[in-house]
Amino acid sequence: MGPPGAGKGTQAKRLAEKFDMAHLSSGDIFRAEKTGGSVLGREMARYMDAGELVPDEIVIGVMTRAITKSKAPGGFLLDGFPRTVAQARVLDEQLSAAGAALDVVVVINAEDELIVERITGRRSCPDCGKVYHVKFMPPKRKGLCDACGVELVQRDDDSEAVVRQRLETYRRQTEPVIAYYRGRPGCEVLDIDGGANVDEVTALTVEALDGVKAKA
Ligand code: ADP
Ligand code: AMP
């Protein structure tokens, strides 16, 4: 969890690879639906492009299907879901019905001005989804994906105006989810400083996760 641009997707990809987990990013799943141009995708786009949350009833259905289909040996890593307390409650109920439980919540934090700089400089490959930053993680050839060679694109919601709205939405609707998990027995909430460079954030996260494992 964490505000937009804190580095959730960047770190989630690294952790999922390290621990053989499925990386389930609600934002990536919704953007694929949006690009596909379905009725559902067009409905989602109305909220996403305005920096608002997609309504819970849509999110819960789509994410339940994604979780049910995932089959990685190390389990799954959720990125961007749940984002409301209602989503967190349904997730808890569904996991408990399946005999599982969410055991660790990683919260990556960063200052607002750093977030705006990260978000407005974010670019991604429309083919493979790899994420870059014009200043912090530039591609080898300006504007082109290292792996695919195609032109990088900017997300529709990565403008400064929309990111300020997304931050407001995060504070109002998603921070209460962190409080919900902090109060829950059996669930560890790990607070990570996302302001450092990518390798350092990965190292801090792995170290914190190892600490949880050592206690278990
Ligand atoms: P989130 O998934 O939280 O929205 P991303 O992982 O997509 O955030 O990161 C947002 C932008 O910041 C991307 O352009 C990414 O390349 C860049 N970025 C991510 N982590 C760092 C970091 N630790 N230092 C500098 N830039 C970063
Ligand atoms: P992200 O890629 O995580 O930044 O998400 C992009 C956008 O997708 C968000 O600003 C929301 O509009 C939408 N979204 C992603 N995950 C959720 C969720 N769990 N609940 C509601 N909306 C979501």
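Model, not experiment: these values are computed from the prediction. (Residues numbered from 1 in each chain as written. Chains lettered and ligands numbered in written order. Predicted model: local features only at pLDDT ≥ 70, side-chain atom pairs only at ≥ 80, totals over all residues. Heavy atoms only, no water.)

Next up on the list: the overall build of the chain. The helix and strand inventory of the chain stands at eight helices and six strands. Its helices and strands in sequence order give the chain the pattern α-β-α-α-α-β-α-β-α-β-β-α-β-α, from N to C terminus. In terms of overall size, the chain behaves like a compact globule, its C-alpha atoms giving a radius of gyration of 17 Å where 216 residues would be expected to give roughly 17 Å. Overall, the chain is about 45 × 40 × 35 Å in size when its C-alpha atoms are taken along their principal axes. Evaluated residue by residue, the chain yields a buried proportion of 42% over its 216 residues. Carbon and sulfur atoms make up 54% of the accessible area of the chain, which totals about 11500 Å². (Helix = DSSP H or I, 4+ residues; strand = E, 2+ residues; numbered from the N terminus. Rg over C-alpha atoms; globule rule 2.2 N^0.38 Å. Buried < 20%, exposed > 50% of the residue type's maximum accessible area, 1.4 Å probe, protein only. Areas by Shrake-Rupley, 256 points an atom, 1.4 Å probe, with all protein chains shown as cover.)

With that out of the way, let us pick up the site of ligand 1. Surrounding ligand 1, one finds 18 residues, the nearest of these being Gly9, Thr10, Arg122, Tyr132 and Ala196. At 2.6 Å from an oxygen atom of ligand 1 is found a side-chain nitrogen or oxygen belonging to Thr10. Going through the elements one at a time, α1 (8–18) and β5 (131–133) are the ones with two or more residues in the shell around ligand 1. (Near = heavy atom within 4 Å. Polar contact = N/O pair within 3.5 Å; in protein donor to acceptor, adjacent residues only side chain to side chain.)

Turning next to the site of ligand 2. Within the structure, ligand 2 sits among 16 residues, and Ser26, Arg31, Glu52, Gly80 and Gln87 are positioned closest to it. One nitrogen or oxygen atom from the side chain of Arg155 is found 3.0 Å from an oxygen atom belonging to ligand 2. Protein contact buries 95% of the 480 Å² of open area that ligand 2 shows by itself. Considering each element in turn, the shell around ligand 2 owes the most residues, four residues, to helix α2 (residues 26–36).

This part takes up helix α5 (residues 85–97). Spanning 13 residues, α5 covers 18 Å between terminal C-alpha atoms, matching the ideal 18 Å at 1.5 Å per step. Against α4 (56–69), β2 (76–79) and α7 (160–182) lie the buried residues of α5. Just downstream of α5, Gly99 is the residue with a positive phi angle, here 75°. (Expected span 1.5 Å × (residues − 1). Contact = heavy atoms within 4.5 Å.)

On to α4, then. For α4, which comprises 14 residues, the first-to-last C-alpha distance of 20 Å matches the rise-based estimate of 20 Å (1.5 Å per residue) to within 8%. Inspection of α4 places Ile58, Val59, Ile60, Val62, Met63, Ala66 and Ile67 among the buried residues, and these make up the whole buried set. In this fold, the buried residues of α4 make contact with β1 (22–25), α2, α3 (39–48), β2 and α5.

Under the definition given, this model contains one aromatic pair. Measuring from ring centre to ring centre gives 5.3 Å for Tyr180 and Tyr181, while their planes differ by 70°; the resulting arrangement is edge-to-face. Both residues of the pair, Tyr180 and Tyr181, count as buried. Lys18 extends its terminal NZ or CZ atom over the ring of Phe19, reaching a point 5.6 Å from the ring centre. (Phe/Tyr/Trp six-rings, centres within 6.5 Å; stacked < 30°, edge-to-face > 60°. Lys NZ or Arg CZ within 6 Å of the ring centre and 35° of its normal.)

Applying the stated criterion across every chain yields a total of 20 salt bridges. With its nearest N and O atoms 2.4 Å apart, the salt bridge here joins Asp92 to Arg184. On the criterion of sequence distance, the pair formed by Asp92 in helix α5 and Arg184 in the loop between α7 and β6 (188–193) is long-range, its members being 92 residues apart. In terms of burial, Asp92 and Arg184 fall into one category: buried. Two residues, Arg166 and Asp158, come together in a salt bridge whose shortest N-O distance is 2.9 Å. For Asp158, a relative accessible area of 1% translates into the label buried. Within this structure, Arg122, Arg155, Asp157, Asp158 and Arg166 form a network of salt bridges that share partners. (Salt bridge = Lys/Arg side-chain N within 4 Å of Asp/Glu carboxyl O.)

What follows concerns the environment of Gln94. By the element assignment, Gln94 lies in helix α5. What makes Gln94 partly exposed here is its relative accessible area of 35%.

In short, geometric facts, not functional conclusions.
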